[in-house]
Amino acid sequence: MSVPSPVGAPRSRWSRLRGELRLWRPLDLVGVASAWLVGALLVLVAASLLIYMGYKGLQYVNLDLLVSRPQPGSDQSQTGGILDPIIGTLLIIVIATAIALPLAVGAALWIVEYGRPRWLARVVESGIEVIAGAPSIAIAIFGLAIFQLPLFSWASFSADGGGVFGRSFIAAGVVMSLIAVPSIFATTREALLSVPRHVREASFGLGKTRWATIRRVLLPTVRPDIATGTALGMGRIAGDTAIIVLLLGATLQLQAGSDIPGIGTLQGTGSTLTSYVYNNSPTGEGNAPEKAYAAAFVLMLLIIGLNLLVAIIGRRRAGNDLPR
Amino acid sequence: MAEFPPPVRRISSEQTPNVVDPTNRNGIPEPIARAMAPAYGPERLRIDDVSIQYAGAARPAVNGVTLPVRQGEVLALIGPSGCGKTTLLRSLNRLVELTPGARRDGRILLDGDDVDAIEITRLRRRVSMIFQQPNPFPMSIFDNVAYAIREQAMRRPGRSVLMPRVEKALRRAGLWDEVADDLGRPALRLSGGQQQRLCIARALAVEPDVLLMDEPCSALDPISTGVVEDLIHELRANLAIVIVTHNLAQARRVGDHVAFMYLGDLVEYAPTEELFTNPRADRTRDYVQGAFG
C-alpha cells in the first residue's frame with residue numbers, strides 16, 4: 001500500500017530504528033544480529049517440520065483411516081487404518097496420568113509442606129531427578145524385568161510353561177507414569193514454594209491443621225500449575241516410543257490378555273501412534289510410509305493440542321494470582 | 001465471656017496524633033485526661049518471662065519479657081527492626097513454632113491456662129492473627145470468611161447456616177456495605193485496604209478472645225490505614241488486642257499501653273501518653289524522639 005504520508009508526519013518506525021542503531025556499539029550490534037539469526041533459524045526448523053509433516057500427513061489422513069483398524073498386509077492399500085494406535089495412545093495417557101498425578105502431587109506436597117524426615121525427602125527428590133534424566137529405554141527395560149516376575153502374572157498373559165509375558169497396557173501404563181512424574185512434580189513443587197509463607201500462616205492462624213490448609217488453600221492455589229505440569233507430562237507420554245515397544249508389545253491390533261471384558265484389554269497388548277510410526281516408517285522395517293506420515297501427523301496434532309491446553313491454562317491463572 | 005462496657009476513647013491521643021501538647025484538643029489537661037482513661041478489663045493474656053531463641057543466633061530474639069494483655073485494651077509493641085517484637089507476637093498463638101529451630105522458654109497464660117496445654121487449633125481460634133501483608137485466600141469473599149468458621153477441611157455446615165456469621169464478621173470489620181452485593185467475587189480483586197479488612201473479618205469470624213496484629217497497616221495507603229485504625233478502636237471493647245507497629249504515630253493513636261523493645265529486651269512498658277511524653281528510660285526517649293530507629 002502506498003499511501004502518501006501527510007506533511008510533517010512523525011518519522012517512520014524504520015528510520016527511527018536506524019537512527020537508534022547508529023548509537024549502538026559494533027559488538028552489541030553483532031550480538032543482537034546473531035541472536036535474531038539463531039532465533040529465526042529455530043523458527044525456520046520448527047516451521048519446516050510442521051509444514052512438511054502437515055503436507056505429508058494431510059495427503060494421507062482421511063476419516064476412513066482414523067476409524068478403521070490396522071490390518072496385516074504387504075501393501076499399503078491393505079493395511080487398514082490407525083484406530084487401534086489412537087485408542088492405545090489415549091489408553092496409555094489415561095492410565096499413566098491417573099497413576100502419575102496423585103504420586104507426583106503427593107510427593108511435592110510432602111516435600112514442600114512436611115519435608116520430614118529430611119534425608120528421605122532428599123532421597124525422593126533426587127530419585128525423581130534421576131528418573132527425569134534417565135533415557136526411557138533404560139526405564140523400559142527395568143520395567144520389563146519387573147513385570148516379568150511371577151508376582152505380576154495378573155498384569156499380562158502367561159505362556160503355558162508359566163513364563164510371564166510382561167507386556168500389557170497395565171505394565172506400559174505403570175512404567176509410563178514415571179515419565180510424567182518429574183514434570184508434574186516439578187511444576188507443583190515450584191508453585192508450592194512460590195506461595196508466600198504468610199498465606200499458610202494465615203490459615204494456621206485460624207486454627208486450621210496442615211491438612212486442612214493443604215486441601216482448602218494450597219491445592220486450589222496451585223491447581224493451574226498442576227494442570228500445566230500434567231499437560232506437559234501427557235505430551236511426554238504420548239511421545240514416548242521405547243516403553244511402548246518394550247512394554248506394550250507394539251502389536252498391530254489390540255489383543256486382549258484374558259476373556260474378562262475391559263480388564264482383558266488392559267492385560268493385553270497393543271500399540272500407540274509412536275510405535276505405529278516406528279513400525280511403518282520408511283527407514284525402519286516398515287512398508288507403509290504413507291500411513292506412518294499420517295499417524296505422525298495425528299500424533300503431532302495431539303501434542304500441539306496438549307501444548308495449547310497448557311497455554312490456555314497458563315493464561316487463565318493470571319487474574320487469580322496471590323499477592324507475592 | 002463477660003461483656004465489658006466499651007471503654008471511653010482516650011481523648012488525648014485520638015485525633016491529634018503527632019502533637020505533643022500538655023492539653024488536648026478539648027482543652028482538658030493531660031493528667032486529667034489520663035485519669036479519664038478507661039478502666040481496663042481483667043487480664044486475658046500474661047506473657048511471663050518469655051525468651052525465644054532461634055537456632056544459630058548469637059543472642060535470643062526475645063529475652064525474658066513479662067507483659068500483661070488486658071481485655072478492652074490495645075497493647076502496642078514498638079521498637080527498631082529486629083528487636084523481637086514480631087517474634088514475641090508470633091509466640092502468643094504459637095506460630096513461632098513453625099520456624100525450625102525456634103525455642104521458647106517461659107510461660108504464656110491465656111485466662112490462666114498455659115498456652116502449651118491448650119490444643120493448638122483451639123488456641124489459634126482464641127488468639128487470632130492479622131498479618132503485615134493482606135493475605136486473603138484465593139477464593140470468594142464469602143468463602144474466605146466461611147473457611148475460618150468451618151471445622152477444619154469440612155465443607156459443612158452449608159451456606160445458609162454460615163451466612164449470618166459471615167455477615168456479622170464482615171460488619172464488625174466494616175466491610176459489609178462495600179461487598180454485600182457480590183460476596184461471590186474473588187477476594188483477590190478487592191483493594192489492598194479492603195483485603196486487609198477482609199482478613200480482619202476472617203480473624204474475627206472465629207470469635208477470638210485476643211487479636212494479634214503484625215504491622216497491619218504497613219502495606220496500606222493512609223486512608224485505608226485510618227479506616228483500619230478506627231476499626232481497632234471499635235474492636236477493643238470486646239477484645240484484647242496486641243499490635244506490632246513500626247509507626248510511632250500509629251502506636252500513639254491506637255495504643256492504650258505501649259511496650260518498647262530493644263534487642264530482645266523489654267525496655268519500658270507504660271500507658272501510651274506516659275511513654276511518649278515522659279519516658280523513664282533514656283533509650284525509650286531517644287527512640288520516641290527519633291534519635292534512632
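Please refer to the structure placed before this passage.
Note that the coordinates shown come from a computational prediction; the quantities given were computed from them, not determined experimentally. (Residues numbered from 1 in each chain as written. Chains lettered and ligands numbered in written order. Predicted model: local features only at pLDDT ≥ 70, side-chain atom pairs only at ≥ 80, totals over all residues.)

Novice: In this structure, what is going on with the overall build of chain B? I would like to understand it.
Specialist: Regarding its fold elements, chain B presents 11 helices and 10 strands. Counting all 293 residues of chain B, 46% fall into the buried class. Of the contacts made within chain B by residues no fewer than 6 positions apart, 70% connect residues no fewer than 24 positions apart. (Helix = DSSP H or I, 4+ residues; strand = E, 2+ residues; numbered from the N terminus. Buried ≥ 20, exposed ≤ 12 C-beta atoms within 10 Å, placed from the backbone. Contact = placed C-beta atoms within 7 Å.)

Novice: Explanation requested: the sheet that holds strand β3 (residues 74-78) of chain B in the structure shown.
Specialist: Paired through their backbone hydrogen bonds, the strands of a sheet run either parallel or antiparallel. All names here are of chain B. Pairing is mixed in the open sheet, where six strands are placed in the order β6-β7-β8-β3-β9-β10. At either end of the open sheet lies a strand with only one pairing partner, and these are β6 (127-130) and β10 (265-271). With strand direction ignored, the average angle separating the axes of adjacent strands in the sheet is 20°. In this structure, β6 lies alongside strand β7 (residues 210-214), joined through four bridges in parallel fashion. From the neighbouring strand, S128 faces β7, where its bridge partner is L211. Sheet contacts for helix α7 (residues 192-205): β6 and β7; angle to β6, the most-contacted strand, approximately 175°. (Pairing = 2+ DSSP bridges. Axes fitted to C-alpha atoms, helices over the stretch in contact; angles between N-to-C directions.)

Novice: Looking at this model, I keep getting lost on unusual backbone geometry. Mind explaining?
Specialist: Put simply, R116(A) and P117(A) share a cis peptide bond, and its omega is -10°. For P117(A), the position within the fold is in the loop between α4 (83-114) and α5 (118-133). With a phi close to 60°, R94(B) is a non-glycine residue in the positive phi region. Locating R94(B) in the fold gives a position in the loop between α2 (85-92) and β4 (102-110). A residue is classified by how many C-beta atoms lie within 10 Å of it, and R94(B), with 18 of them, is partly exposed. A positive phi is found at D111(B), a non-glycine position, where the angle reads about 50°. Since 15 C-beta atoms lie within 10 Å of it, D111(B) is described here as partly exposed.

Novice: Before we go on, may I ask you to explain helix α12 (residues 273-280) of chain A in this structure?
Specialist: What sets the pattern is the α-helix's 3.6 residues per turn: residues three or four places apart point alike. α12(A) sits mainly inside the fold: eight of its eight residues count as buried. Among the residues of α12(A), L273(A), T274(A), S275(A), Y276(A), V277(A), Y278(A), N279(A) and N280(A) are the ones counted as buried.

Novice: What's the story with the interface of chain A and chain B in this structure? I'm lost.
Specialist: When the parts come together, some accessible area is lost, and that loss is often what is quoted as the size of the interface. Of the residues lining the interface, 20 residues belong to chain A; the matching set on chain B comes to 25 residues. When residues in the side of chain A that touches chain B are grouped by element, the largest group, seven residues, is from helix α9 (residues 210-239) of chain A. Considering only residue class, the side of chain A that touches chain B consists of 10 nonpolar, six polar and four charged. (Nonpolar A, V, L, I, M, F, W, Y, C, P; charged D, E, K, R; others polar.)

Novice: Sorry, what's going on with the sheet that holds strand β1 (residues 43-54) of chain B here?
Specialist: Residues and elements named next belong to chain B. Pairing within the open sheet is antiparallel, and its four strands lie in the order β2-β1-β4-β5. The open sheet terminates on both sides in strands that have one partner only, identified here as β2 (62-70) and β5 (113-114). Alignment of β4 against β5, held across two bridges, turns out to be antiparallel. Paired with L109 across the bridge in β5 is D114. Against the sheet, α2 contacts β1, β2 and β4, and its axis sits at roughly 120° relative to β1.

Geometry only, nothing functional implied.
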